[in-house]
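The lines below spell out each chain.
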Amino acid sequence: MGRWIKRLAAALAVLVVLVLAAAWLSPWPGVLVIRQIFDAGARAASAKLEKHLPTNVRSLNDIAYAPGDPDARLDIHLPSSGKGPFPVILWIHGGAWVSGDKSDLTNYLKILAARGYGVVNISYSIAPGATYPTPVRQANEALGFVAQEGARYGLDPARIVLAGDSAGAQLAAQLAGIVTSADYADAVGITPSPLPAPLRGVLLYCGPYDVGKVNFDGPFGIFLRTVVWAYSGTRDFRSDPAFALMSVAQHVTPAFPPAFISVGNVDPLRPQSVQLADALRAKGAKVETLFFPDAYTPPLAHEHQFDLDTEAGKLALRRSAAWLGGVMRDAPPQQPVEQAGSSGSFENGHK
């Protein structure tokens with residue numbers, strides 16, 4: 001018996017060594033764990049929204065926006081009443097670039113659609129199977145699809161807001177930067193899809209906007225290093241000048257579309273949203289923010305906006321809807337934007 005125990009112990013030791021070696025050589029082991037956790041969280045958040053679902057929304061599902069790409073699919077959610085074409089919210093889901101699917105956001109985006117919008121909900125290829133800048137290219141193709149084909153689906157291609165949460169917010173912000181800056185587009189190597197009118201705005205929740213300012217040594221360091229390694233395609237991502245271009249906060253211009261930016265008060269990515277808002281204001285771009293006081297209770301963690309059972313979630317939806325209504329009604333922004341941004345704040349007056 002003792003001999004078998006020793007053999008089992010030796011086999012377990014070898015297994016541990018192999019797992020550690022795999023984690024050192026590839027982000028896949030860590031990504032698979034993260035994906036399981038994130039996907040479960042997304043399902044739970046979606047289920048909580050079931051009771052808030054409107055009845056006046058119709059959906060067109062699984063439309064190919066880039067022929068030949070099996071991951072390039074989108075859903076369109078439209079009001080079932082009212083006369084189109086409807087202004088467009090093109091939403092890019094989160095998931096740390098390594099998880100998630102458009103289905104995660106279906107319930108929340110139907111709630112937005114009921115307010116009079118054509119909401120385009122896209123899927124894209126996730127890491128490590130696809131690396132940067134593949135999702136940016138796919139989002140650009142989806143934007144081009146809406147511009148070219150949107151009218152036949154009841155959409156107004158002249159009124160588009162890009163939107164996203166978490167990693168999707170980064171993708172939306174980077175695409176907005178590419179669309180509004182020829183120099184940035186050239187540097188990234190993506191030709192912006194032609195649009196019939198300037199973007200009306202960018203709606204951003206809880207995103208990472210500057211990889212150079214991410215705390216990779218803090219309590220979330222292992223997680224952050226794993227997902228950025230997976231997305232960049234290199235363990236030494238901090239020395240990759242091409243990947244550094246994903247830090248959109250470093251490349252904003254006065255022509256960046258009007259932005260609405262929000263994040264929870266205890267979200268580890270909160271400094272990233274504050275930095276982006278400051279960078280945009282410094283360039284004279286229009287910015288509205290929904291930031292919460294440090295002492296706000298209950299504390300608001302990552303993706304606070306999706307919980308409509310909380311006052312903060314309701315406030316985020318209300319403020320987003322008001323901002324959307326304004327930018328969709330206003331005349332298209334001129335390029336570049338000359339007017340300094342607003343100092344958007346929490347409803348009780350606290351930034």
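It should be noted that the structure appears before, not after, this text.
The structure displayed is predicted, hence computed values, not measured ones.

(A) Quick look at the packing of aromatic side chains. As enumerated under the stated definition, the model contains 13 aromatic pairs in all. Consider the rings of Y108 and F306, whose centres lie 4.8 Å apart with planes at 75 degrees: the pair is edge-to-face. Here F306 lies in the loop between strand 8 (287-290) and helix 10 (311-329) and Y108 lies in helix 3 (residues 106-113), a separation of 198 residues in the sequence. Through successive ring pairs, a cluster of aromatic residues spans W97, Y132, Y231 and F243. In this structure, R235 is placed above the aromatic ring of W229, and the distance from its NZ or CZ to the ring centre is 4.6 Å. The ring of F291 is capped by R270, whose NZ or CZ atom sits 5.9 Å from the centre of that ring.

(B) Quick look at helix 2 (residues 28-48). With 21 residues, helix 2 should cover 30 Å at 1.5 Å per step; its first-to-last C-alpha distance of 30 Å lies within 8% of that length. Within the sequence span of helix 2, burial applies to V31, I34, R35 and S46. Mapping the buried residues of helix 2 onto a view down its axis gives an arc of 110 degrees, with all of them on the same face. Among the exposed residues of helix 2, those pointing more than 90 degrees away from its buried face are Q36, I37 and R43.

(C) Broad picture of the packing of helix 2 against helix 7 (residues 221-232). Between helix 2 and helix 7, whose axes approach to 10 Å, the crossing angle comes to 105 degrees. It follows from the interaxial angle that helix 2 and helix 7 lie roughly perpendicular. Residue-level inspection shows G30, V31, I34 and F38 of helix 2 in contact with helix 7, the latter providing F223, T226, V227 and A230. Its residues placed into classes, the contact of helix 2 with helix 7 shows six nonpolar, two polar and no charged.

About the cut-offs
- Residues numbered from 1 in each chain as written.
- Predicted model: local features only at pLDDT ≥ 70, side-chain atom pairs only at ≥ 80, totals over all residues.
- Heavy atoms only, no water.
- Phe/Tyr/Trp six-rings, centres within 6.5 Å; stacked < 30°, edge-to-face > 60°.
- Helix = DSSP H or I, 4+ residues; strand = E, 2+ residues; numbered from the N terminus.
- Lys NZ or Arg CZ within 6 Å of the ring centre and 35° of its normal.
- Expected span 1.5 Å × (residues − 1).
- Buried < 20%, exposed > 50% of the residue type's maximum accessible area, 1.4 Å probe, protein only.
- Arc of directions from axis to C-beta.
- Axes fitted to C-alpha atoms, helices over the stretch in contact; angles between N-to-C directions.
- Parallel < 35°, antiparallel > 145°, perpendicular 65-115°, else oblique.
- Contact = heavy atoms within 4.5 Å.
- Nonpolar A, V, L, I, M, F, W, Y, C, P; charged D, E, K, R; others polar.

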